[in-house]
Structure formats: structure tokens, C-alpha cells
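# Topology and contacts: notes
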Amino acid sequence: MALEVRARAPGKIILSGEHAVVHGFTAVAAAIDLHTYVYFRLHSTLDNDDGVVELELKDLGLVFSWPSQRLREMFSELGLSSKTCSPECLKVITSLVEELSFPESKIGLSSGVSAFLYLYTSIIGYRPGKVRVTSDLPLGSGLGSSASFCVSVSAALLALSGAVCADNQQKGWFVMRENELELVNKWAFQGERIIHGKPSGIDNTVSTFGSMIMFRLSELTRLKSSGPIRMLITNTKVGRNTKALVAGVSERTLRHPDAMAAVFTAVDSISKELSDVIQSAAHDDVSITAKEEKLEELMEMNQGLLQCMGVSHASIDTVLRTTLRYKLASKLTGAGGGGCVLTLLPTLLSSTIVDKVISELEACGFQCLKVEVGGKGLEVCFT
Ligand SMILES: Nc1ncnc2c1ncn2[C@@H]1O[C@H](COP(=O)(O)OP(=O)(O)OP(=O)(O)O)[C@@H](O)[C@H]1O
Ligand SMILES: C[C@@](O)(CCO)CC(=O)[O-]
Ligand SMILES: [Mg+2]
């Protein structure tokens with residue numbers, strides 16, 4: 001059995017339907033070419049009770065470790081391999097994480113470390129091992145950093161537990177079988193529950209399976225675009241927290257159930273129409289432009305409804321105003337409240353205009369990135 005593995009899982013953008021999807025309505029998401037990478041080394045069984053479980057967050061210069069013996073003692077009364085994190089289990093994890101010291105500005109990491117501890121002890125048990133994480137993704141910015149963390153960690157742990165890839169002979173990076181991806185996705189969702197509180201599952205699903213998907217109530221439909229879809233991602237660098245934003249929308253829904261039901265229903269129609277437009281054939285400049293204009297209009301409508309949900313932000317308005325001066329449509333992506341904004345880059349848009357928009361946005365202190373959407377999902381590598 002292998003003792004070392006690597007996993008990488010992409011971040012995502014949500015083209016339409018964030019928040020509404022938490023309440024059972026349709027959303028559309030796509031993988032992007034920015035990843036979280038995990039290296040996992042399982043120590044030999046000989047030093048079983050002697051070693052530590054170590055988590056290194058390399059980009060952040062942080063290392064956490066827990067003696068295996070201590071984990072065994074603390075979790076032993078709960079029983080292992082529970083498929084959901086019970087309140088008692090969360091209490092044990094919280095007490096372990098509270099003992100750690102996080103830099104003041106990185107306090108949000110505690111939920112990620114909690115998710116890690118839950119996944120490690122549930123999938124591997126208490127056997128010593130080392131997990132190293134690096135990420136291309138900005139944390140807490142709407143690009144699914146939490147989901148790609150949970151997917152890549154779950155995949156690496158499951159791969160060395162023998163639950164997936166047991167008979168693997170492949171060299172280099174490869175994609176797991178569909179049923180194995182489904183198992184990884186289930187565990188990643190449990191990790192997301194610890195970080196997000198009430199995730200819909202769209203972020204971990206698109207990070208696991210990649211591509212572009214329509215998602216509703218845990219059901220995914222893969223979408224195939226006839227041509228590339230290019231987006232500009234602008235990171236406003238305004239920090240936010242998905243858990244708090246999702247809770248805020250739920251509270252607004254309790255205060256105004258009928259109005260919010262109408263908002264969610266409108267989002268649902270937008271997501272379905274957007275899926276149809278993405279999949280519609282367009283092979284010449286005229287039909288490609290017509291398709292892109294429809295996408296832009298739907299993105300603008302979705303942004304208006306996200307404003308109704310109370311998840312926009314002054315920094316997002318600045319991006320919208322700036323891109324509109326160049327007749328480009330934008331919407332927030334992910335949970336909102338700051339974070340990242342998407343702008344569709346039409347196929348015929350000149351690179352001079354793109355450069356001008358970017359430099360204007362960067363002059364506001366934002367960070368811009370061009371991406372093509374709908375790439376690969378989770379991959380693992382044993383060599
Ligand atoms: N590489 C990582 N290492 C450790 N923890 C991580 C990592 N990436 C994400 N996290 C955890 O996820 C949290 C951010 O998740 P959050 O859901 O708030 O934002 P996001 O996933 O980037 O955006 P969205 O959910 O809107 O797409 C971090 O504060 C941290 O707890
Ligand atoms: C805000 C939200 O809809 C998307 C976050 O990327 C939350 C979720 O679906 O879990
Ligand atoms: Mg998240």
C-alpha cells in the first residue's frame with residue numbers, strides 16, 4: 001500500500017444562483033484553473049502510537065500537530081468513522097483547535113483546521129502522518145477555497161486509507177473513477193459543513209467533478225459550452241466569511257418569506273436560462289455575440305437579485321460601475337459581501353480594452369485575473 005500521495009482540486013466560480021442554491025434553487029458553477037494542493041505522507045504502522053498528526057499550511061507558514069495518543073484518548077469515547085460530525089465530536093474538535101494559536105489576522109483558519117481534524121480522524125484514525133497544503137486560491141474570497149481544501153484533503157486521506165484507488169497502477173496525475181469521486185465528494189461536503197454551517201454542496205461538487213455544472217438539491221447536470229467562456233475575476237480584497245453571509249440570507253428569508261421566495265424563484269429561472277444559453281450552438285461571430293449578450297444580461301439580472309438578498313458590497317459596486325463604463329457586465333461570485341466579482345470578457349473584445357479595464361480596477365486597489373472556465377476537477381498522483 002502506498003504511503004505517499006498528492007491531490008489537487010480546483011476552485012470555482014458561480015455564474016448564477018449563489019445563496020438561492022442553499023434554499024433548494026438552481027445554480028450554475030464552473031471549475032477554474034487555480035488549485036489547492038495537498039501532499040500526504042502516512043507514517044509506517046511501526047511508530048503507530050508514538051508519532052504526531054501534522055498539518056502544515058505552507059503558504060501561511062503555519063504548522064499544527066497533535067500527538068496520536070492524545071487524539072486517540074479524546075475521540076475514543078465517540079467512536080470512529082461517523083459519516084457526519086456530531087455535536088459531541090465537534091465539541092472535542094473545537095477544544096483541540098482552541099488550544100492552537102493563530103495569528104490575529106488568520107483566525108478564520110480555525111474552521112479549516114477543524115474540518116481537517118474531523119476528516120483525518122474519521123478517515124485515517126489516529127495513525128501518525130503529515131499533510132502539507134498549498135493553494136493558488138485567495139482564502140475567503142468567493143472562489144471556493146474552502147471546498148477545494150476539503151476536496152483535496154479528503155481525496156489524499158481516502159487514497160492512503162485504501163478506500164479509493166486501491167488497485168491503481170497509473171503514473172502521474174489521474175482522475176479517479178466516478179464512484180470514488182462520489183465518495184470524496186461526500187466527505188468533502190462534511191468538511192464544508194464544519195466551515196460553512198449550511199453548504200448547498202455546489203462548491204465541493206464542482207471542485208470534485210470539474211467542468212461546468214447546473215446544480216440543484218445535490219443533483220448535478222454537466223453542461224457543455226459550444227465555445228470557451230472567458231471571465232475576468234476581480235478580487236476586491238474585502239474579507240468576508242461565507243458562513244456569516246449564508247446565515248444573513250437565511251435570516252432575511254425568515255423576515256420576508258414571500259418576497260425572498262419570489263427572489264429565489266427568479267434566480268432559479270435565470271440559472272436554467274443561463275444553462276440553456278451556455279449549451280446553445282454558436283459558431284460564427286454574430287451568434288457568438290448574441291449568446292454572450294444573453295449571458296451578460298442574465299448575469300446583470302442575477303446581480304440585482306443578489307443585491308435584494310443583501311450580499312453585495314460597496315467594493316462590488318465600484319467594480320460594477322468601472323466595468324460598465326466599458327459596456328461589460330459583472331456580478332459578484334460566491335457568497336459576496338466583498339470577495340470576488342466576475343466580468344464576462346466577450347470573444348471579440350480587444351485586448352487593449354481588457355488591459356484598460358484591468359489597470360483601472362487595479363488602480364482602485366483590486367487584483368485582476370483572466371480565466372477560462374470549466375476545467376478539470378480533482379486529480380491525484382502517487383509518484
Ligand atoms: N488552504 C487552506 N488551508 C486551510 N484552511 C483553508 C484553506 N482554504 C480555505 N480554508 C478554510 O476555509 C475558510 C474560507 O472559506 P469560505 O467558505 O469563507 O470562503 P471561500 O470558500 O474562499 O469562498 P466561497 O465559499 O464564497 O466560495 C478559511 O477561513 C479557512 O478556514
Ligand atoms: C453562498 C453559496 O451559495 C456559494 C458559496 O460559493 C453557499 C453554498 O452554496 O454553500
Ligand atoms: Mg467556501
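Quantities reported herein were computed from a predicted structural model and do not represent experimental measurements.

## Topic: the sheet that holds strand β10 (residues 340-344)
Ordered in space as β9-β10-β8-β11, the four strands form an open sheet in which the pairing is antiparallel. Of all strands in the sheet, those bounded by a partner on one side alone are β9 (330-333) and β11 (367-372). On average, adjacent strands in this sheet sit at an angle of 30° to one another, irrespective of strand direction. Relative to β11, strand β8 (residues 230-235) is paired through six bridges, and the arrangement is antiparallel. Each residue of the ladder has a partner; that of Thr-234, found in β11, is Cys-368. Contacting β8 and β11, helix α11 (residues 351-363) crosses the sheet at an angle of about 145° to β11.

## So, the coordination of the magnesium ion (ligand 3)
All of the protein donors around the magnesium ion (ligand 3) are Ser-146 (OG) and His-196 (NE2); their distances to the metal are 2.1 to 2.3 Å. Taken together, the residues Ser-146 in helix α4 (residues 145-161) and His-196 in helix α5 (residues 178-196) connect sequence positions 50 residues apart. Comparing Ser-146 with His-196 shows no difference in burial state: the two are buried.

## A word on the packing of helix α2 (residues 87-98) against helix α3 (residues 109-123)
Taken N-terminus to C-terminus, the directions of α2 and α3 make an angle of 125°; their axes are 10 Å apart at the nearest point. Judged by the inter-axis angle, α2 sits oblique to α3. Crossing geometry of α2 relative to α3 is assigned as right-handed. When α2 is examined against α3, the residues Cys-89, Ile-93, Leu-96 and Val-97 are found in contact with a partner set consisting of Ser-110, Val-113, Ser-114, Leu-117 and Tyr-118. Residue composition of the contact of α2 with α3, grouped by class: seven nonpolar, two polar and no charged.

## Some details on the site of ligand 2
For ligand 2, the set of nearby residues contains 14 residues, the closest of which are Lys-12, His-19, Pro-199, Ser-200 and Asp-203. Contacts to ligand 2 include His-19, whose backbone N or O atom sits 2.9 Å from an oxygen atom. Within the side chain of Asp-203, one N or O atom sits 2.7 Å away from an oxygen atom of ligand 2. Elements with a contribution of two residues or more to the shell around ligand 2: β1 (4-16) and α6 (202-209). Considering only residue class, the shell around ligand 2 consists of seven nonpolar, four polar and three charged. Looking at the shell around ligand 2, you find at least three residues from each of domain 1 (4-221 + 376-381) and domain 2 (226-372).

## With respect to the UniProt feature "domain: GHMP kinase C-terminal" (unreviewed entry) in the protein
Residues annotated in UniProt with the feature "domain: GHMP kinase C-terminal" (unreviewed entry) correspond here to residues 293-346. A helix fraction of 52% and a strand fraction of 17% characterise residues 293-346, whose end C-alpha atoms lie 8 Å from each other.

## Here's the deal with the site of ligand 1
Taken together, 23 residues form the shell around ligand 1, and within it Lys-12, Gly-108, Ser-145, His-196 and Arg-240 come nearest. At 3.0 Å, a backbone N or O of Gly-112 approaches an oxygen atom of ligand 1. Ser-145 is positioned such that a nitrogen or oxygen atom in its side chain is 2.7 Å from an oxygen atom of ligand 1. Taking 630 Å² as the accessible area of ligand 1 by itself, protein coverage stands at 93%.

## Details of the nonpolar core
Of all hydrophobic cores here, the largest spans 59 residues; its most connected members are Phe-40 and Trp-66. When residues in this core are grouped by element, the largest group, 10 residues, is from α4. Ignoring anything within four residues of it in the chain, the contact list for Trp-66 reads Val-52, Val-53, Leu-55, Leu-71, Leu-96, Leu-100, Val-113, Phe-116 and Leu-117. Counting 52 residues, the second-largest nonpolar core is a separate cluster that includes Leu-34, Met-231, Leu-306 and Ala-335.

## A look at the packing of α4 against α5
It is the contact of α4 with α5, at a shortest axis distance of 8 Å, that shows an interaxial angle of 135°. Our classification of the angle between α4 and α5 gives oblique. Where α4 crosses over α5, the two elements pack in a sense that is right-handed. Contacts from Ser-146, Ala-147, Cys-150, Val-151, Ser-154, Ala-155 and Leu-158 in α4 reach Leu-183, Val-184, Trp-187, Ala-188, Gly-191, Glu-192, Ile-195 and His-196 in α5. Residues that form the contact of α4 with α5 fall into these classes: 10 nonpolar, four polar and one charged.

## A word on the side chain of Asp-268
Position of Asp-268 relative to the elements: it lies in helix α8 (residues 257-279). You can call Asp-268 buried: its relative accessible area is 9%. Leaving out residues up to four positions away in the same chain, Asp-268 has contacts with Phe-25, Thr-26 and Arg-216.

## Comments concerning the environment of Trp-187
Looking at the element boundaries, Trp-187 is found in helix α5. The spacing of Trp-187 and Leu-119 is 68 residues in sequence and 7.3 Å in space, taken between C-alpha atoms.

Each value, and the rule that gives it
- Residues numbered from 1 in each chain as written.
- Chains lettered and ligands numbered in written order.
- Predicted model: local features only at pLDDT ≥ 70, side-chain atom pairs only at ≥ 80, totals over all residues.
- Heavy atoms only, no water.
- Pairing = 2+ DSSP bridges.
- Helix = DSSP H or I, 4+ residues; strand = E, 2+ residues; numbered from the N terminus.
- Axes fitted to C-alpha atoms, helices over the stretch in contact; angles between N-to-C directions.
- Contact = heavy atoms within 4.5 Å.
- Donors = N, O, S within 2.8 Å, 3.2 Å for Na, K, Ca; no water.
- Buried < 20%, exposed > 50% of the residue type's maximum accessible area, 1.4 Å probe, protein only.
- Parallel < 35°, antiparallel > 145°, perpendicular 65-115°, else oblique.
- Left-handed = near helix turned anticlockwise from the far one by under 90°.
- Nonpolar A, V, L, I, M, F, W, Y, C, P; charged D, E, K, R; others polar.
- Near = heavy atom within 4 Å.
- Polar contact = N/O pair within 3.5 Å; in protein donor to acceptor, adjacent residues only side chain to side chain.
- Domains from an automatic or database assignment.
- UniProt positions renumbered as here; feature names shortened; annotations may be inferred.
- Areas by Shrake-Rupley, 256 points an atom, 1.4 Å probe, with all protein chains shown as cover.
- Core = buried A, V, L, I, M, F, W, Y, C linked by side-chain atoms within 4.5 Å.

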